[in-house]
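Examining the three-dimensional arrangement
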Amino acid sequence: MNKKQLLVAAIENGTVIDHIPAEKLFAVVNLLHLEQITSAVTIGYNLQSQELGTKSIIKIADKFFTDEELNQLAVVCPNLTLCIIRDYEIVEKRTVDLPNELFGIVKCTNPKCITNNEPMRTHFHVHGPQRNALKCHYCNTVISLDGVQLIKP
Ligand SMILES: [Zn+2]
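Residues numbered from 1 in each chain as written. Predicted model: local features only at pLDDT ≥ 70, side-chain atom pairs only at ≥ 80, totals over all residues. Heavy atoms only, no water.

**Thoughts on the pairing of strand E5 (residues 89-95)**
Across six bridges, strand E4 (residues 81-86) lies against E5 in antiparallel orientation. Each bridged residue has a counterpart across the sheet, and for Thr81 the counterpart in E5 is Thr95. Where E4 folds back onto E5 in an antiparallel hairpin, the turn is made up of two residues, including Asp87, whose phi is positive at roughly 55°. (Pairing = 2+ DSSP bridges. Helix = DSSP H or I, 4+ residues; strand = E, 2+ residues; numbered from the N terminus.)

So, in structure tokens, the structure goes:
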């Protein structure tokens, strides 16, 4: 085993989220509501990465997220790698897929939008041929995926 790959301790069971651009780490923590998790969470911040320069990694012991929860992460980092670990082995490895609809994660930029004026969750449809924009279900405002503002938990 290459010691350089062991910057963050292995976990027996759980979820590993890898290739997080360092500046997106806290957005991922917020989206997964890691502050509410009671099992061990290990965060490696600003680790060296050949592809990204620096990256962050999160290991969450004894926690398996739903596809819906994990796919929300594509809003902030389209190239994350997810690994599901059971008995110290990677049993599933995949990237995130942006879902067609997003509920309650992205803020509408239109101040007159009903979602900014009523206590209701936002609803966006993925928009455009490159799927790189979001369209508000209520006011049709189109937001580029690069510039989304997340709703603070
Ligand atoms: Zn709107």
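**Let's talk about the coordination of the zinc ion**
Expected angles at a metal are 109.5 degrees for tetrahedral coordination by four donors and either 90 or 180 degrees for octahedral coordination by six donors. The zinc ion binds to the protein through Cys108 (SG), Cys113 (SG), Cys136 (SG) and Cys139 (SG); the donor distances cover 2.3 Å. Classification of the site at the zinc ion as tetrahedral follows from its four donor atoms and the range of 101 to 116° in their angles at the metal. In primary sequence terms, the donor set of the zinc ion follows C-x4-C-x22-C-x2-C. Taken together, the positions of Cys108 in the loop between strand E6 (101-103) and strand E7 (123-127) and Cys136 in strand E8 (residues 133-136) put the pair 28 residues apart, joining distant regions of the chain. On the basis of relative accessible area, Cys136 is assigned to the buried category, the value being 2%. (Donors = N, O, S within 2.8 Å, 3.2 Å for Na, K, Ca; no water. Tetrahedral: all angles 85-135°; square planar, octahedral: opposite > 155°, others 65-115°. Buried < 20%, exposed > 50% of the residue type's maximum accessible area, 1.4 Å probe, protein only.)

**Section: the environment of Ile90**
Tracing the chain through its elements places Ile90 in strand E5. Spatially, the C-alpha atoms of Ile90 and Val16 are 9.3 Å apart, while their sequence positions differ by 74 residues. Each residue touching Ile90, except ones within four places of it in the same chain, is listed here: Cys83, Ile84 and Ile85. (Contact = heavy atoms within 4.5 Å.)

**Describing the domain arrangement of the chain**
Here the domain parsing of the chain yields domain 1 (3-95) and domain 2 (101-147). Summarising the inter-unit geometry, the C-alpha centres of domain 1 and domain 2 are found 26 Å apart. (Domains from an automatic or database assignment.)

**A look at the sheet that holds E8**
Pairing in this open sheet of four strands is antiparallel, and the strands run E6-E7-E8-E9 from one edge to the other. In this open sheet, the two edge strands, each paired with only one partner strand, are E6 and strand E9 (142-144). Going from strand to strand, the sheet's axes swing by 30° on average, the running direction of each strand aside. In this structure, E6 lies alongside E7, joined through three bridges in antiparallel fashion. Residue Phe103 lies in a different strand from E7, and its bridge partner there is His123. (Axes fitted to C-alpha atoms, helices over the stretch in contact; angles between N-to-C directions.)

**What about the pattern of salt bridges?**
Enumeration according to the criterion identifies three salt bridges in this entry. Three or more residues joined by partner-sharing salt bridges are found here, namely Asp67, Glu92 and Arg94. (Salt bridge = Lys/Arg side-chain N within 4 Å of Asp/Glu carboxyl O.)

**Regarding the pairing of strand E3 (residues 53-61)**
When you tally the buried positions in E3, you get seven out of nine residues, the bulk of the element. One ladder, built from six bridges, connects strand E1 (residues 14-21) with E3; its direction is antiparallel. Bridge pairing in E3 places Val16 opposite Lys59. Where strand E2 (residues 41-49) lies against E3, seven bridges are found, and the strand directions are antiparallel. Within the sheet, the bridge partner assigned to Gly44 lies in E3 and is Ile57.

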